[in-house]
2 protein chains.
Amino acid sequence: MSDFRSKQFKRPTMYDVARLAGVSQPTVSRVLSAGNAGDASALISDETTQRVLDAVNKLGYRPNVVARSLRTRRTFTVAMLIADLSNGFYHPMARAVQDVARQHNYEVLISNSDHIYENERHFCDIVLGSGVDGVLMVPIHLSSDELSQYVDRAHIPFVALAEHIKHPHIDLVWVNDHRATYEGTRWLINKGSHQKVGFIGVSDDLPPGPRRFDGFTRAMNDAGLQVDPRFIKIGDFTLESGKKAARSLIEGGELPTAIFAINDLMAIGLILTLQDAGYRVPEDVAVIGFDDIPEASIVRPALTTLAQNPRDIGEKMAEMLFERIENPNSTERRVYESHCHLIVRDSA
Amino acid sequence: MSDFRSKQFKRPTMYDVARLAGVSQPTVSRVLSAGNAGDASALISDETTQRVLDAVNKLGYRPNVVARSLRTRRTFTVAMLIADLSNGFYHPMARAVQDVARQHNYEVLISNSDHIYENERHFCDIVLGSGVDGVLMVPIHLSSDELSQYVDRAHIPFVALAEHIKHPHIDLVWVNDHRATYEGTRWLINKGSHQKVGFIGVSDDLPPGPRRFDGFTRAMNDAGLQVDPRFIKIGDFTLESGKKAARSLIEGGELPTAIFAINDLMAIGLILTLQDAGYRVPEDVAVIGFDDIPEASIVRPALTTLAQNPRDIGEKMAEMLFERIENPNSTERRVYESHCHLIVRDSA
DNA sequence: TTGTATGCGTTATCAT
DNA sequence: ATGATAACGCATACAA
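Residues numbered from 1 in each chain as written. Chains lettered and ligands numbered in written order. Predicted model: local features only at pLDDT ≥ 70, side-chain atom pairs only at ≥ 80, totals over all residues. Heavy atoms only, no water.

A. The pattern of salt bridges, seen in detail. Per the counting criterion, the structure on display carries 47 salt bridges over all chains. Note that A:Glu337 and A:Arg179 form a salt bridge whose closest N and O atoms lie 3.1 Å from each other. Of this pair, A:Glu337 sits in strand E11 (residues 335-338) while A:Arg179 sits in helix H8 (residues 177-192); the two residues are 158 residues apart in sequence, bridging distant segments of the chain. Between B:Asp284 and B:Arg280 there is a salt bridge, and its shortest N-O distance comes to 3.0 Å. With relative accessibility at 25%, the residue B:Asp284 sits in the partly exposed group. When salt bridges with common partners are traced through the structure, they connect A:Glu163, A:Asp177, A:Arg211 and A:Arg212 into a single cluster. (Salt bridge = Lys/Arg side-chain N within 4 Å of Asp/Glu carboxyl O. Helix = DSSP H or I, 4+ residues; strand = E, 2+ residues; numbered from the N terminus. Buried < 20%, exposed > 50% of the residue type's maximum accessible area, 1.4 Å probe, protein only.)

Printed below as a string of structure tokens:
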């Protein structure tokens, strides 16, 4: 059997390759990095190149990237923190980031905060020591000041999907969800001439909370409507919290005739629970969501929603990041707005 | 402004801390690793410990994990390859792995193959050089022989979610989906006394393909039923491929009265397209799936399905891996079977 | 209890 | 075109 897992086992190094090929260790290094860099290719004779390559194959040599990183101070790895791996909104975003990263020969370290504050901090703590070359993140709880402290010590490029981050060295992608909420609400009101419109939001200390509630409120006021506190519920982005909001609404006696939910998962929870209680969507209660996750096309009636463009978001974040990584001296701060658009289906 | 991104910037090292504290660099190392190891704590005087810690804080020093890894040959990172980030089945699994990893002070590098062969190979290539301390993976296309070649050269523990991997050094978690399919099919047949039962599978060169088709076939035969090739369709695990299978079935003219889909996503695509074409589920066609992803509870009728236990799978894989990492000499191969159970909802 | 010296496996700067 | 040598930041054997 092989020497698997024996403590004594030692991976072949450049020295081993060099000895076998009858050259010096730095020569091996040059041969191998000629492929990457592309410029130094002429510095090595074809003959020794061949001998080295043969030795590499014979030994099954693989460069030790840890040693390389120590020397070059680059890990060719970026870290990404997203808020919820299980939320369909983030998949295309993560995928897009990985696609761009691969074009640049980078790996992506994905982490998941589950919307939990401590996890966001833990991620930043890890990142500070980990040697990654750049960071993409969706800070939900982290304030601009807290994040700034990390960035000031990390000395690597950061890109965030956020609106509330002010640090001059953090590039931003953001979504004008205030406007989207405003226009979505207005569309919803006009669509059915609704008078009583509800809202399922999230706590005010989460960044999208106040913004989207304000967009909603303004649209209501501009339509001459009052926001009725009985129809305002707070969730936490999850399906279950949407169901809970629906139960709370039903127990309250009177129902609004239309509801704006600030994400699809809660909107779907709402629909499911409303239907289980015998209400028809959209006839009794119209529902509109936010995100356009895959489940929005599965629920019946299919969910009308404000679609974000997570692929665009991920691509732009990654492109901004790699531009910084490859050009560390460009100084102006970049901010990119990714747009929303309404997708009309059957729930409103 | 800070020296952010200036090429000249140098993170403080142990030498800087040592100089500031008036001690030698190894002393700093000892102070800092006292917290981790726990044993060496008595070796340093309280006074110098304090001085060192003060210097650390003052400089904002963070250990360079790349250098540490080079020295210790441990990265405290494991890599995980899953087949599809966007498939709800894998979330609890990834989450469970991360939870276990955190208990061991490990980070998890998540990668996504998208069911693509080249990506599985790329992952293994990266892993070989990356210095991770262990690997968890879901090999879909990779054959036992191919994977074995990587493992023989990697000299780190591997754990796979698979049945077809034979290598004596790869620990396995597996699901007896042959039996689950058999029993699910039998239940389906009995439930509605069905005579014509369809099957949505995947290509034979994907490991679950033949196993589940065989389980289906046996159950049919044991019930005295013939497998009708007109009712057998091949998909690729995606919702869209389920829809396509349904369209193909509908165009075929005659429909089965019950269909077994080997995953939930295809089952849901089936239901949606069937309903759009005017068929009732389960009255006209009963449908059963496999996995119990969150969407199974969203679709109406709610999907009857064979639930896997991804949290259990992830936990066991991680536990096996860390046992190997922490005890490299234990030699016997571990194999764990994670069980399925039927969840009866409304689609069958 | 602490300091000195060495090496982990690379890349980079000199030479030659 | 290639070889000798140093350095990246840390942990550890050994000396004191």
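B. Seen up close, the relation of the copies chain A and chain B. Structural alignment of chain A on chain B gives an RMSD of 0.1 Å, achieved by rotating through 180° and translating 0.1 Å along the axis. Such a combination of rotation and displacement between the chain copies is what one expects of a two-fold axis. When the interface residues of chain A are mapped onto chain B, 100% of them again fall at the interface, so both copies present the same face. (Least-squares fit on C-alpha atoms with pLDDT ≥ 70 in both. Contact = heavy atoms within 4.5 Å.)

C. View of the interface of chain A and chain B. Taken together, the contact between chain A and chain B spans 62 residues of the former and 62 residues of the latter. Of the roughly 5,600 Å² buried between chain A and chain B on both sides combined, carbon and sulfur atoms contribute 58%. Linking chain A with chain B are seven salt bridges, by the criterion used here. Close ionic contact of B:Arg95 with A:Asp114 constitutes a salt bridge, the shortest N to O distance being 3.3 Å. Taken together, the links from chain A to chain B amount to 13 residue pairs in polar contact (both at pLDDT 80 or more). Broken down by element, the side of chain A that touches chain B gets its largest block of residues, seven residues, from helix H6 (residues 117-130) of chain A. (Buried area = accessible area lost by both parts, 1.4 Å probe. Polar contact = N/O pair within 3.5 Å; in protein donor to acceptor, adjacent residues only side chain to side chain.)

D. A look at the protein's contact with DNA strand D. The full set close to DNA strand D counts 28 residues, and A:Thr27, A:Arg30, A:Arg73, B:Tyr61 and B:Arg71 are the nearest of them. Among atoms of DNA strand D positioned within 4 Å of the protein, sugar and phosphate together represent 62%. Within the side chain of A:Arg30, a nitrogen or oxygen atom sits 2.6 Å from a base nitrogen of DNA strand D. B:Met14 places a main-chain nitrogen or oxygen 2.7 Å from a phosphate oxygen of DNA strand D. (Near = heavy atom within 4 Å.)

E. Representation of helix H1 (residues 14-21) of chain A within the structure. Residues and elements named next belong to chain A. Within H1, burial applies to Met14, Asp16, Val17, Ala18 and Ala21. By the N-cap criterion, in which a side-chain oxygen at the helix start approaches the backbone nitrogen of a residue two or three places on, H1 is capped by Thr13, the distance to Tyr15 being 3.1 Å. Residue Gly22 follows H1 closely and has a positive phi angle near 70°.

F. Representation of the protein's contact with DNA strand C within the structure. Near DNA strand C you find 29 residues, and of these A:Gln25, A:Arg71, B:Thr27, B:Arg30 and B:Arg71 are the closest. Per the 4 Å cut-off to the protein, sugar and phosphate atoms form 62% of the nearby atoms of DNA strand C. At 2.4 Å, a side-chain N or O of B:Thr27 approaches a phosphate oxygen of DNA strand C. One nitrogen or oxygen atom from the main chain of B:Ser45 is found 2.8 Å from a phosphate oxygen belonging to DNA strand C.

By themselves, these are just geometric observations and shouldn't be taken as functional.
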